[in-house]
Structure formats: C-alpha cells, structure tokens
Amino acid sequence: TKMKLPGQEEFDISSTCENVATGEPESGPGSGLSPDGPSDTDSRELGVPKDPVLFIQLNELMGWPQALEWRETGRWVLFEEKLEVGAGRWSAPHVPTLALPSLQKLRSLLAEGLVLLDCPARSLLELVEQVTRVELLSPELRGQLQALLLQRPQHLIWTTRTRPCCWSAHPREASHDEEAPMKEQHQNPLRQKLPPGAEAAAVLAGELGSLTQPLGVFVRLRDPVVLGPLTEVPLPSRFFCLLLGPPTLGRGYHEMGRAVAVLLSDRQFQWSVRRASNLHDLLAALDAFLEEVTVLPPGRWDPTARIPPPKCLPSHHKRLASQLREFKGSSVRRRAPAEDRHSHRPHPPSPELRRTGRLFGGFVQDVRRKASWYPSDFLDALHPQCFSAVLYIYLATVTNAITFGGLLGEATNGAQGVLESFLGTAVAGAAFCLMAGQPLTILSSTGPVLVFERLLFSFSRDYSLDYLPFRLWVGIWVAIFCLALVATEASVLVRYFTRFTEEGFCALISLIFIYDAVGKMLSLTRAYPIQRPGSPTYGCFCQFPDPQGNESQWIRTKPKDRDDILSVDLGLVNASLLPPPECAQRGGRPRGPGCHTVPDIAFFSVLLFLTSFLFAMALKHVKSSRFFPSVMRKMLSDFSSVLAILLGCGLDAFLGLATPKLMVPREFKPTLPGRGWLVSPFGANPWWLSVAAALPALLLSILIFMDQQITAVILNRAKYRLQKGAGFHLDLFCVAVLMLLTSALGLPWYVSATVISLAHMDSLRRESRACAPGEPPSFLGIREQRLTGLVVFILTGISIFLAPVLKFIPMPVLYGLFLYMGVAAISSIQFTKRVQLLLMPAKYQPDLLLLRHVPLNRIHLFTGIQLACLGLLWIIKSTPAAIIFPLMLLGLVGVRKAMEWVFSPQELLWLDELMPEKERNISEKGLEPEYSFSGSDSEDSELMYQPKSPEINISVN
C-alpha cells in the first residue's frame with residue numbers, strides 16, 4: 001500500500017522478495033543487492049538514504065603462544081561463508097546461527113570497551129594508533145599490539161587463472177607502501193559480485209596471552225578508506241571491530257567475532273549503526289536485534305548442520321516501519337499502524353484501463369503514450385541478450401508456423417498450408433511489432449482460432465460454399481466489430497479477466513498443444529505401422545521428386561487381407577500424384593535408393609519425438625541445477641530448442657533414417673492450385689452471404705477479443721515491472737487491421753500467442769549481476785524493445801527461401817518441441833498445483849500459503865469448478881456445437897462472477913483475485929475483521945506482505 005510522510009512522496013512499505021531467477025544477469029544503476037533491508041527502489045521511494053552493501057570479513061588471531069598471525073576464517077555479505085581449512089576452500093553460503101551467550105558477552109564487552117564513531121583515520125596506521133589508545137594498555141603492550149595489528153593477514157583467494165592463493169606465510173609489519181592493495185585482491189572474483197559503492201567491515205578476534213583483561217573496540221570511520229591488505233577485497237572500509245582477550249576455554253572470542261559479523265550483515269542493525277551517535281544507540285540497535293532472534297531448543301537440531309539460503313527472504317515491512325519512525329520522527333507513529341493493516345489492498349487500475357468517455361479516447365492515449373518511447377524501442381535492443389532471444393524465439397515461431405500450417409492444411413483440405421502460414425506470420429508479426437502498443441507480444445496462430453477455422457470450413461463444405469470468399473467477409477466483419485470495440489474502449493473490461501479466467505484459457509491452449517503434438521505423432525505411427533515378427537504385412541517408405549521438382553513421400557504397404565500393394569500418400573504433398581515405378585517391391589523387400597522398411601521409420605520417429613521433448617525439458621531445468629557454471633547453464637537453457645533440433649537432426653543423419661522431414665515449398669505460390677494471392681469477394685457464393693457472414697464474425701470477434709486481451713493482461717501485469725506501459729486499445733486496433741489484410745490475401749488469422757509471448761519476455765529478463773554469495777539475482781524488469789520481434793518475423797519470412805536447409809529437420813522433432821511447449825505452459829500455473837492436491841494426502845502436501853488460509857475442501861471446490869469449466873470447453877470444442885465455443889470462453893467471466901456467492905473475499909484473494917467492484921469496496925471500507933490479514937504478529941501475517949514476484953515459467957526454450 002502507499003504511505004506518505006510529511007514532505008515526502010508516496011512510497012511502498014513492502015520489501016522486495018528475491019526469487020531464484022533464470023535470466024541473464026545485468027549490472028547497472030540500481031542493480032545492487034537487496035537483502036534484508038530495503039531495496040534500491042524501496043529506498044528511493046521511502047526517501048531514506050540508500051546504504052551501500054557491506055562486505056564483512058573475520059580475521060582470527062592464530063598461533064599463540066608461538067608465532068602469531070591473522071587468518072581469515074569467515075566472510076559475510078548476506079549469508080555466511082566459512083573457511084574449510086582442510087579442504088582449502090570456502091564453504092557454501094548458508095544462514096548463520098549464533099549461540100545466545102556469545103551475543104550477551106559481546107554486549108557486555110562493547111559496553112565496557114572503546115567505541116569510536118566518525119573516526120577521522122585515513123589509513124590503517126592511523127586507525128591502529130586510534131584503537132590502541134586504551135588506558136589499560138601499558139606502553140610496551142601498546143607497541144606490541146600495534147605491531148600485531150599491522151601484520152598482513154592470510155587470505156584464501158580463488159583467482160580465475162590460478163589455484164587458491166594464500167599469501168603472507170611470514171608475518172611482517174606493513175610499511176606505508178605495503179598498505180596498498182595487492183594484485184591478488186584485485187583479481188578476486190568476489191569483487192565482481194559486489195555492486196559499485198560497496199564498503200567493507202573488518203572484524204579481528206582472538207586470544208592474546210599478554211592481555212589480562214578483555215579488549216573490545218568498535219570503530220565507525222567518518223569516511224571509508226581502503227585499509228590495505230586487511231580485507232581480501234580492496235574495498236573502502238567503514239567499520240572496524242577488535243575483540244581480544246586472555247586465553248579461555250572454548251572459542252569464545254571466535255564466536256563473538258562471528259556475532260559482530262552477523263550483526264553487521266543484518267540490514268536493520270547496519271542501518272541503525274550507521275546513524276548511531278553514541279554508545280547508547282549502538283547498544284539499543286543490538287538489543288533490537290536480540291528482540292527478533294529466534295531460539296532453537298537444544299537437542300532438537302544438529303548445530304553442525306548448515307541451513308541453506310531460502311529461495312525467498314521473508315518480508316521486513318515491520319522492521320522497515322520502525323526504521324521510518326526512527327528516521328522521520330514520531331509523526332509517523334500515528335499513521336504507520338493503520339497503513340500497515342491495509343498494506344495488502346488491491347492496487348488501483350492502471351492508466352491504460354481507465355475509461356476516458358470519448359470516442360477512440362483510449363486508442364489516442366495509447367498512441368501518445370507509446371510515441372514518446374518509440375526511438376528507445378530500437379535503441380534498447382542493442383544488447384547481446386537480444387541476439388539470444390531472437391535465435392530461440394525464431395525457432396519457436398517457425399515451429400509454431402510449421403505445425404499450425406500443417407494442421408490448417410488438413411483442416412481446410414489444402415486451401416491454406418505451410419507457405420501461407422510462413423508468409424502470414426512474417427507479414428502480420430512484423431507489422432504488429434512496428435505499430436503495436438506492446439511489441440513484446442508475438443502474433444501467431446492459436447488453438448482456439450484454429451478450431452474456428454476448422455468449423456468455418458466444415459460449414460462451407462456442408463453447404464457447398466466457396467470457402468475463401470466466405471472467409472473474407474467473415475474477416476471484414478470481424479475487423480469492423482473490433483474497431484467498434486476500440487472506439488467504445490471495451491478493452492477496459494479486461495479488468496474482469498481474473499486469474500480464474502486466465503488459467504482456464506491457458507490450460508485449454510496448453511491441452512490443445514499437447515493434444516495436437518501427440519495426435520500428429522500417432523498419425524505418423526498409423527502411417528508407418530510397426531510390424532511384429534512373423535506378420536505377413538510388409539511395406540516400404542519412399543522419397544522421390546515429383547514432376548514439379550518437389551520431394552514426395554509415400555508409404556507402400558501390403559495388408560494381410562489383400563493381395564495388391566497399396567500406395568498411400570502421407571498428406572504432405574498433392575494426393576493426386578502417383579508413386580514412381582522405382583518404388584515397386586518384390587518379395588516384401590524395398591528396392592531403389594529412396595526406399596526404407598517401415599518398421600525402422602515408425603520406431604525412430606517415436607524415438608526422435610521423445611528425445612527432443614525430454615532433451616528440451618532437461619536443458620530447461622539445467623538453469624536451476626548445480627551443474628556447470630552459471631553462464632553455461634544460462635546458455636544451455638536459452639538455446640534448448642536449438643540444441644534439441646540439432647540433436648534430432650544429428651541422430652537422423654547419423655543413423656541414415658528416412659523419417660518424414662519438414663516440407664517447405666520451393667515456389668512462392670498459394671497452396672491451393674488455381675488461385676491468386678488476392679481472394680475474390682464473392683466467387684461462387686450468393687451476394688447475401690456477405691451480410692450473413694456477420695453472425696459467425698460476431699462469435700469470432702468474441703474469440704479474438706478474449707484470446708488477444710487475456711494474453712495482453714498476462715504480459716502487462718505489474719509484477720513484470722514494465723516501464724513503457726501497455727497498449728490494450730492500440731493492440732486491438734492493429735489486430736483488426738491485420739484481420740483485413742490476412743483475409744484479403746487468404747492467410748491465416750493471427751492474435752497474440754500466450755506461450756511464445758511469455759517465452760519472449762522470459763528471454764529478455766533483466767537481473768542484477770552483482771549479488772551476494774548465496775543470494776539469487778534480483779529481478780530488474782524486462783528489456784522492452786521492438787527489434788527482437790521484428791527480426792524474428794523477418795527471419796520467418798526469409799525461411800520460405802531456406803528450403804535446402806529446413807528440409808533436413810525431422811517432423812517428429814518439431815512435434816516433440818510442440819509437446820514441450822504445452823507441458824511447460826500447463827505446469828507453470830497454480831491450477832496445476834491445485835489439481836495435484838486432489839490426489840495428494842494431507843501430510844504430503846507442500847506448504848503452500850493458500851493452504852494456511854483456505855480450508856482444503858474449499859480449495860478442492862474451487863479447483864473442481866475450474867476442472868468442470870475446462871472439461872465443458874473441451875467437449876464443446878470437439879463437438880458440432882463448437883460454433884458457440886467463443887461464447888463459452890466469455891462465460892468463464894460470468895462463472896467467476898457467480899463464484900462470489902460461494903466463496904468469501906478472503907478465499908478469493910488467495911485462490912484468485914478480486915473483481916473491480918470488490919476491489920472498490922475493499923479500498924473504501926478495508927477488509928472486514930473476519931477476513932482481515934492484519935493485527936497478527938504470526939508468520940502468516942508476515943507472509944501476506946511478500947509481493948508476488950514474476951514467474952515467467954511458460955517457455956518454449
């Protein structure tokens with residue numbers, strides 16, 4: 001929620017949730033760490049000065065009573081890393097655990113020790129002179145301690161070109177020249193993980209026999225200064241802490257040194273100490289830390305176990321509120337609790353979805369808004385990440401064009417085909433990227449539109465109508481209806497598209513992807529029957545050029561109930577062609593260079609199908625695995641589609657298989673013989689059909705509106721941090737214009753493709769390059785530009801002339817990638833997780849937040865309603881009643897509205913989202929006590945403040 005302090009701008013008191021991210025890291029202004037304290041964005045909005053990231057190092061005194069030396073034994077930024085001496089390496093980052101007595105002893109030592117705040121020292125030598133001015137030290141002991149503090153410590157530094165480097169085996173006093181950082185410090189890879197402006201803190205602890213009393217010193221330097229080789233990373237040091245004392249039993253000073261380091265790594269404590277003015281403020285910050293410490297009972301856990309870093313850090317909204325009260329004064333105290341109780345209010349609608357009340361008012365606003373960003377839409381694409389995005393989105397787009405082109409050819413009996421699919425994708429997609437309000441959207445053929453095309457062709461065939469002219473008038477009416485929707489600002493209705501509607505739509509599209517991929521593969525196995533040993537059936541697969549020079553693929557079989565040999569075209573070329581005489585068989589054995597036995601084709605087609613699917617899935621999950629360096633994992637994941645296709649082509653070529661290949665036309669002409677590129681308005685149809693086409697066009701307009709705007713809502717959610725705004729009205733206007741163009745040319749109809757569009761955004765994620773060990777990169781947003789989509793569609797158009805290369809791609813490989821797209825999409829939505837709960841005993845269920853706040857039977861009821869709606873949509877889509885399929889999609893909004901009579905607002909907040917009227921009521925009244933999320937200090941109340949971070953898991957890479 002938004003709060004405003006006197007004299008300050010609005011700010012958000014919620015902290016950032018760090019997620020395990022899967023995009024390419026990026027550094028830049030504001031890309032620093034965002035651990036427990038406020039992030040960069042939070043600090044700017046809060047009006048609170050941004051504190052630099054702090055690197056803490058613990059140097060421990062070793063070797064008493066023989067030769068004394070300082071050795072680095074631990075380091076912290078957000079999590080702890082311990083030096084594993086025997087293995088000669090740093091441990092994995094882990095959550096630090098402390099013994100409560102060490103914190104108590106540390107407090108007592110600091111209360112009686114020397115505390116220097118804003119110390120003016122400018123070098124290590126000056127600092128040593130300042131900290132040794134303690135009354136309990138004799139002159140001789142003071143000199144001994146100064147010499148000891150000036151010794152160069154031992155560090156373990158892993159350089160990029162050498163083995164671990166431990167230096168300073170023989171301690172020496174550091175002269176003024178030796179205070180300069182060493183070469184190994186500058187080569188430390190840890191330096192690259194820290195953002196610009198980071199500071200250091202040195203903690204020195206150990207036992208010194210010449211001391212009779214403990215010595216505790218805490219120093220905050222007025223100006224940070226590089227203290228030579230004191231820390232392994234040459235950063236300017238802000239804090240210095242010295243903890244020495246006589247030998248004792250146990251490792252008391254080591255644990256106190258760790259306690260200081262853990263305190264300084266806590267952003268709340270660090271925030272307070274940076275602003276402390278005296279010892280009392282320092283001890284108050286320590287006491288505040290102790291008040292929030294969680295104690296683990298002894299004997300209930302293993303103290304040697306290391307707690308791995310969490311995937312998502314808990315919210316710190318309450319700690320941040322206390323910071324604000326301290327920083328701004330008591331004027332905030334009266335307002336913060338009330339604001340805190342309602343910090344989970346629904347957000348107001350975005351400016352793009354506010355009705356202007358003027359004809360084409362929203363469209364004009366979209367044009368004005370996007371015009372100011374137009375030059376940067378091309379300049380922002382000058383980044384290597386965009387090249388990676390172009391490569392695998394191109395392959396995804398080509399795969400989609402090929403597969404939907406083949407399906408469309410079957411659905412329309414050759415009236416449209418692969419060539420029209422390639423050409424339409426290139427023309428419509430490129431035009432959309434140049435004109436659209438949201439250029440990250442990828443236009444493509446979609447499952448629901450394909451279903452409508454199939455129904456429209458069946459209707460034309462049943463009533464002896466000329467299909468393409470009838471389709472032209474349907475497209476003209478759809479464009480008119482869509483323009484009317486743009487004029488009346490109907491796009492503001494997308495606010496009623498909640499997650500319930502989106503998940504139902506996405507699940508339907510994903511199932512269509514899966515069904516079509518498996519169906520195409522089953523059709524191949526039926527065309528290539530796998531023959532069992534002893535079966536009298538035999539056959540061969542033949543590839544020969546037809547009279548026009550195109551490659552023809554035939555299957556010849558001899559059924560056991562017939563004596564003649566049947567020649568069956570695979571449907572990839574004109575069925576009127578006759579098989580060449582070279583394909584004749586004698587005795588069941590193939591003859592000719594292009595003939596292969598059928599069982600080989602069937603078996604290896606299935607093998608390539610499964611290989612491409614599993615290989616793409618495996619490479620996608622490599623990004624979150626522990627194998628290989630992060631850069632390699634990122635490349636393998638981003639180019640999984642490319643690698644899967646290359647693997648399939650390599651296996652096919654190595655084994656010399658005759659699997660069906662991608663059929664790309666060699667001539668630039670329509671698939672349907674005898675027609676030109678422009679469709680005749682009437683053809684053989686009566687004139688009144690141009691008016692009657694308005695009825696199916698109305699249904700298709702509903703489908704286009706739902707398909708386009710649901711994808712637009714998903715892509716433009718606030719969690720993706722898009723800076724250039726959306727363009728719902730402008731995008732729908734572009735789709736309407738492209739409907740006219742594609743209908744006149746006889747090309748497929750195109751709308752926003754959810755799966756590929758989200759994959760496009762996934763490939764353009766911006767993440768912080770500088771992150772602490774153990775901390776996942778923080779999500780910075782999406783690289784918004786037009787060039788990647790434009791280049792993808794230009795390459796798609798050029799692919800028409802790449803037949804000599806593309807013809808080697810096996811079709812089973814493309815079907816495997818198509819299956820992967822559907823599986824990746826459906827597995828990423830919450831609906832799938834709730835379906836799994838139906839089959840999972842309660843004790844094995846994951847610890848989902850919604851399970852803590854909504855009864856399980858209510859969750860099952862919500863999921864059951866979604867399953868029923870999805871099943872009804874699928875049944876209608878598969879029956880002759882499919883003509884009302886678009887109306888049923890629109891009916892999902894009505895079903896969701898009716899569910900407000902069944903579920904409480906609290907349940908709908910966790911399971912779905914609130915509709916605009918409910919949001920308005922809650923914004924005016926606040927949540928009622930019976931379903932309020934405030935007033936509790938429990939972990940559930942804390943978790944409610946965790947912002948929903950972006951999960952762009954629907955991917956085709």
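Residues numbered from 1 in each chain as written. Predicted model: local features only at pLDDT ≥ 70, side-chain atom pairs only at ≥ 80, totals over all residues. Heavy atoms only, no water.

As annotated in an unreviewed UniProt entry, the chain carries the name Anion exchange protein and comes from Equus caballus. Entered under Sequence similarities (unreviewed entry) in the UniProt record, the comment concerning the chain runs "Belongs to the anion exchanger (TC 2.A.31) family." (UniProt positions renumbered as here; feature names shortened; annotations may be inferred.)

S.K.: Run through the pairing of strand 12 (residues 215-226), naming residues and quoting values.
M.R.: Bridging between strand 8 (residues 114-119) and strand 12 involves five bridges; their strand directions are parallel. Directly across from V115, in strand 12, lies its bridge partner F218. Pairing analysis gives eight bridges linking strand 12 to strand 13 (residues 236-245), with the strands arranged antiparallel. Looking across to strand 13, one finds that L215 is bridged to L244. (Pairing = 2+ DSSP bridges. Helix = DSSP H or I, 4+ residues; strand = E, 2+ residues; numbered from the N terminus.)

S.K.: So what's going on with the nonpolar core? Residues and values would help.
M.R.: Residues V474 and L700 are the most contacted members of the largest nonpolar core, which totals 142 residues. Counting residues per element, this core draws most heavily on helix 22 (residues 694-715), which supplies 13 residues. (Core = buried A, V, L, I, M, F, W, Y, C linked by side-chain atoms within 4.5 Å. Buried < 20%, exposed > 50% of the residue type's maximum accessible area, 1.4 Å probe, protein only.)

S.K.: Describe unusual backbone geometry, with residues and values.
M.R.: Residues apart from glycine generally show negative phi values, whereas peptide bonds are mostly found in trans. Positive phi, close to 60 degrees, is recorded for F360, a residue that is not glycine. For F360, the location among the structural elements is in the loop between helix 10 (336-341) and helix 11 (361-371). Notably, R721 is not glycine yet its phi reads approximately 55 degrees, a positive angle. Looking at where R721 falls in the secondary structure, it is placed in the loop between helix 22 and helix 23 (728-745). On the basis of relative accessible area, R721 is assigned to the partly exposed category, the value being 32%.

S.K.: So what's going on with a nonpolar patch on the surface? Residues and values would help.
M.R.: Taken together, I794, L795, I798, L802 and V805 make up a surface patch of nonpolar side chains, about 400 Å² in accessible area. Here the nonpolar patch takes three residues from helix 25 (residues 787-798), the largest share from any one element. Its location among the elements puts V805 in helix 26 (residues 803-806). Residue class for V805 comes out exposed when judged on its relative accessible area of 57%. (Patch = residues over 30% accessible without salt bridge, like charges linked within 9 Å, V, L, I, M, F, W, Y side chains within 5 Å. Areas by Shrake-Rupley, 256 points an atom, 1.4 Å probe, with all protein chains shown as cover. Salt bridge = Lys/Arg side-chain N within 4 Å of Asp/Glu carboxyl O.)

S.K.: Give me the lowdown on the environment of Q213, citing residues and values where you can.
M.R.: Here Q213 shows up in the loop between strand 11 (199-207) and strand 12. As a C-alpha pair, Q213 and L137 span 76 residues in sequence and 9.6 Å in three-dimensional space. For Q213, the contacting residues outside a window of four places in its chain are L136, L244, G245 and P246. (Contact = heavy atoms within 4.5 Å.)

S.K.: I'd love a proper account of the packing of helix 2 (residues 100-112) against helix 6 (residues 252-265), names of residues and values included.
M.R.: The geometry of a pair of packed helices is captured by two quantities: the angle between their axes and the separation between those axes. Contact geometry for helix 2 and helix 6: axes closest at 9 Å, N-to-C directions at 85 degrees. The orientation of helix 2 relative to helix 6 falls into the category roughly perpendicular. The residues of helix 6 that touch helix 2, namely those facing S102, L103, K105, L106 and L109, are E255, M256, A259, V260 and L263. Grouping the amino acids of the contact of helix 2 with helix 6 by side-chain chemistry returns seven nonpolar, one polar and two charged. (Axes fitted to C-alpha atoms, helices over the stretch in contact; angles between N-to-C directions. Parallel < 35°, antiparallel > 145°, perpendicular 65-115°, else oblique. Nonpolar A, V, L, I, M, F, W, Y, C, P; charged D, E, K, R; others polar.)

S.K.: Describe in detail the sheet that holds strand 13, supporting the description with residues and values.
M.R.: Read from one edge to the other, the open sheet built from eight strands follows the order 7-6-5-4-11-13-12-8, with strand pairing classed as mixed. Among the strands making up the open sheet, the edge pair consists of strand 7 (89-90) and strand 8. The pairing of strand 11 with strand 13 spans eight bridges and is classified as parallel. Paired with A205 across the two strands is L243, which belongs to strand 13.

S.K.: Explain the side chain of E81 to me, and be specific about the residues and the numbers.
M.R.: Examined against the element boundaries, E81 turns out to sit in strand 6 (residues 80-84). For E81, the residues in contact, after removing those within four places along its chain, are T73, G74, R75, W90, S91, P93, H94 and P773.

S.K.: Please provide a residue-by-residue account of helix 13 (residues 384-411), values included.
M.R.: Side chains three or four residues apart in an α-helix point the same way, a direct result of the helix having 3.6 residues per turn. Here helix 13 is 28 residues long and its end C-alpha atoms lie 40 Å apart, about the 40 Å a rise of 1.5 Å per residue gives. Most of helix 13 sits out of view: 23 of its 28 residues are buried. Looking one or two places after helix 13, you find N413, whose phi comes out positive at around 55 degrees. (Expected span 1.5 Å × (residues − 1).)

S.K.: A description of the confidence of the model for the chain should follow, citing residues and the corresponding values.
M.R.: Per-residue confidence for the chain averages 75 on the pLDDT scale, and 74% of its residues sit at or above 70. Predicted confidence is poor over residues 329-346, with pLDDT under 50, and the contacts of this stretch with residues over four places away or in other chains come to 32 contacts. (pLDDT = per-residue confidence, 0-100.)

S.K.: Would you mind going over the environment of R783 in detail, with residue names and values included?
M.R.: Examined against the element boundaries, R783 turns out to sit in the loop between strand 21 (779-782) and helix 25. Exposure remark for R783: the relative accessible area of 10% places this residue in the buried category. Each C-alpha atom of the pair R783 and L440 lies 9.2 Å from the other, and the pair is 343 residues apart in sequence. A polar side-chain atom of R783 sits 3.1 Å from a polar atom in the side chain of Q385. (Polar contact = N/O pair within 3.5 Å; in protein donor to acceptor, adjacent residues only side chain to side chain.)

S.K.: Please give an account of the pairing of strand 11 that cites residues and values.
M.R.: The element strand 11 is extensively covered by neighbouring structure, given that eight of its nine residues are classed as buried. Pairing of strand 4 (residues 54-62) with strand 11, which is carried by eight bridges, proceeds in the parallel orientation. Across the sheet, the residue bridging to Q57 is A202, located in strand 11.

S.K.: Could you give me a rundown of helix 8 (residues 279-291), with the residues and numbers involved?
M.R.: Relative to the 18 Å expected for 13 residues at 1.5 Å per residue, helix 8 spans 18 Å between its end C-alpha atoms, a close match to the ideal helical length. Burial in helix 8 covers these residues: L282, L283, A285, L286 and F289. Seen from one end, helix 8 has its buried residues packed into an arc of 155 degrees, which puts them on one side. Facing away from the buried side of helix 8 by more than 90 degrees, the exposed set consists of H280 and E291. Buried residues along helix 8 sit against helix 2, strand 8, strand 12, helix 6 and helix 7 (267-274). The N-capping residue of helix 8, defined by a side-chain oxygen 3.1 Å from the backbone nitrogen of H280, is N278. (Arc of directions from axis to C-beta.)

S.K.: I'd like to hear about the packing of aromatic side chains, residue by residue, with values.
M.R.: For any two aromatic rings, the description comes down to two numbers: the centre-to-centre distance and the angle of the planes. For the structure on display, the rule yields 11 aromatic pairs. Centre to centre, the rings of F218 and F239 are 5.9 Å apart; their planes meet at 40 degrees, and the pair counts as tilted. With F218 in strand 12 and F239 in strand 13, this pair connects stretches of sequence that are 21 residues apart. Consider the rings of F459 and Y463, whose centres lie 4.8 Å apart with planes at 40 degrees: the pair is tilted. Members of the aromatic cluster, joined through ring pairs, are F360, F363 and F733. In this structure, R471 packs its charged tip against the face of W749, placed 4.1 Å from the ring centre. (Phe/Tyr/Trp six-rings, centres within 6.5 Å; stacked < 30°, edge-to-face > 60°. Lys NZ or Arg CZ within 6 Å of the ring centre and 35° of its normal.)

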